[in-house]
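Working through the structure, step by step
Each chain, written out:
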Amino acid sequence: MTVIAANLQAVRERIARAAQAAGRDPESVALLAVSKTWPAEAVRAAAAAGQHAFGENYVQEGVDKAAALAALGLEWHFIGPLQSNKTRQVANAFHWVHSIDRLKIAERLSAQRDAQRSPLNVCIQVNVSGEDTKSGVMPHEARELAHAVAALPRLRLRGLMCIPEPTADEALLRRRFAMLRALKAELVAEGLALDTLSMGMSHDIEAAIAEGATIVRVGTAIFGARAVAGAQAG
Ligand SMILES: *Cc1c(COP(=O)(O)O)cnc(C)c1O
């Protein structure tokens, strides 16, 4: 068994235990393997161990990897900050975009998505920590953006995504994730057909699953520690 296969197995077991502890079906939590900065061969090893969905933060890197591995039929999720001059590439190389935080980006993705393909799945990224430096729409602005995005023809709004501030405070993390869950429940009550809470990373998947995560985004626990950030650009 490769290291990546063993790590994947361990992460799947963590997900199953956390789901059971929360009284949830483990099948209700999907694992997104975040392969940013890792070469196509690492993705290939994870795919050989049964992993189907992969997340990328940098447009060119993700587009290149998806093209190199097209024969594997994998599912690609864009989870990083997205600038408007990069939307055209993202609209058709990826199956999902988790990081919508402006209507302009959503409108461009909708206009640029091939008409022959199924709509692009998207999530709105919400800034649950209220830090000015983080990307994501502020919680009080999320409703208006969600309704506008849901009306775009070539997008399918699936739910909400968040990245809480790094903290070892489990109770604080739980509150951040609970805020995202409550926001999704409000939007569902208003008639939006949302089924996704994209939350939880290597160090906090348990807290996220306890609060209802349906997609956890895990990089380090599968592929290992990444090299120092800054070597890559969007
Ligand atoms: C890098 C990244 C992850 C994965 O983080 P790990 O701590 O390595 O599991 C998840 N989500 C987003 C948006 C990321 O940028």
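Going by the structure above, here's the rest.
Residues numbered from 1 in each chain as written. Predicted model: local features only at pLDDT ≥ 70, side-chain atom pairs only at ≥ 80, totals over all residues. Heavy atoms only, no water.

**Concerning the overall build of the protein chain**
The condition that has to hold: By the criteria applied, helices consist of DSSP H or I runs no shorter than four residues and strands consist of E runs no shorter than two, each listed in order from the N terminus. The globule rule is 2.2 Å times the number of residues to the power 0.38, and the radius of gyration it is compared with is taken over C-alpha atoms. Classification of residues uses two cut-offs on accessible area relative to the type maximum, computed with a 1.4 Å probe and protein chains only: under 20% is buried, over 50% is exposed, and between them is partly exposed. In what follows, a contact means two residues having at least one pair of non-hydrogen atoms within 4.5 Å. For the purpose of charge, His is not counted, nor are the chain termini; Lys and Arg are scored as positive and Asp and Glu as negative. By convention, the point assigned to a charge is CZ for Arg, NZ for Lys, CD for Glu and CG for Asp.
Tallying secondary structure elements over the protein chain gives nine helices and eight strands in all. For 234 residues, the compact-globule estimate of 2.2 N^0.38 gives 17 Å, and the C-alpha radius of gyration of the protein chain, at 17 Å, lies within 12% of that figure. With respect to the principal axes defined by its C-alpha atoms, the protein chain has extents near 45 × 40 × 35 Å. Here the protein chain holds 234 residues, and 50% of them are scored as buried. Taking the intrachain contacts of the protein chain between residues at least 6 apart in sequence as the baseline, contacts between residues at least 24 apart amount to 58%. Each charge class in the protein chain was averaged separately, 26 positive and 24 negative side chains, and the resulting centres sit 4 Å apart.

**What about the packing of helix H6 (residues 139-150) against helix H7 (residues 170-189)?**
For clarity, the cut-off: Only the stretch in contact is used when a helix axis is fitted, and all axes are lines through C-alpha atoms; the angle between N-to-C directions ranges over 0 to 180 degrees. Definitions for this section: a left-handed crossing has its near helix turned counterclockwise from the far helix by less than a right angle. A right-handed crossing has that turn clockwise.
At a minimum axis distance of 11 Å, the contact between H6 and H7 shows a crossing angle of 40°. At the point where H6 passes H7, the crossing takes the right-handed sense. In this structure, H6 contributes Pro-139, Ala-142, Arg-143, Ala-146 and His-147 to the contact, and H7 contributes Met-179, Leu-183, Glu-186 and Leu-187.

**Details of the pairing of strand E4 (residues 96-100)**
A regular strand places its side chains on the two faces of the sheet in alternate fashion. Going by this rule: Think of it this way: DSSP has to see at least two bridges between two strands before they count as a pair. Convention used here: a crossover is right-handed provided that the path from the first strand, over the helix, to the second strand proceeds clockwise when the strands point away from the viewer.
With five of five residues buried, E4 lies mostly within the body of the structure. Two strands pair when backbone bridges link them, and strand E3 (residues 75-78) and E4 are joined in this way by two bridges, in the parallel orientation. Across the sheet, the residue bridging to Phe-78 is Val-97, located in E4. Handedness of the E3-helix H4 (residues 87-93)-E4 crossover: right-handed. Here E4 pairs with strand E5 (residues 120-125) via three bridges, running parallel. Its bridge partner being in E5, Ile-100 is matched across the sheet by Ile-124.

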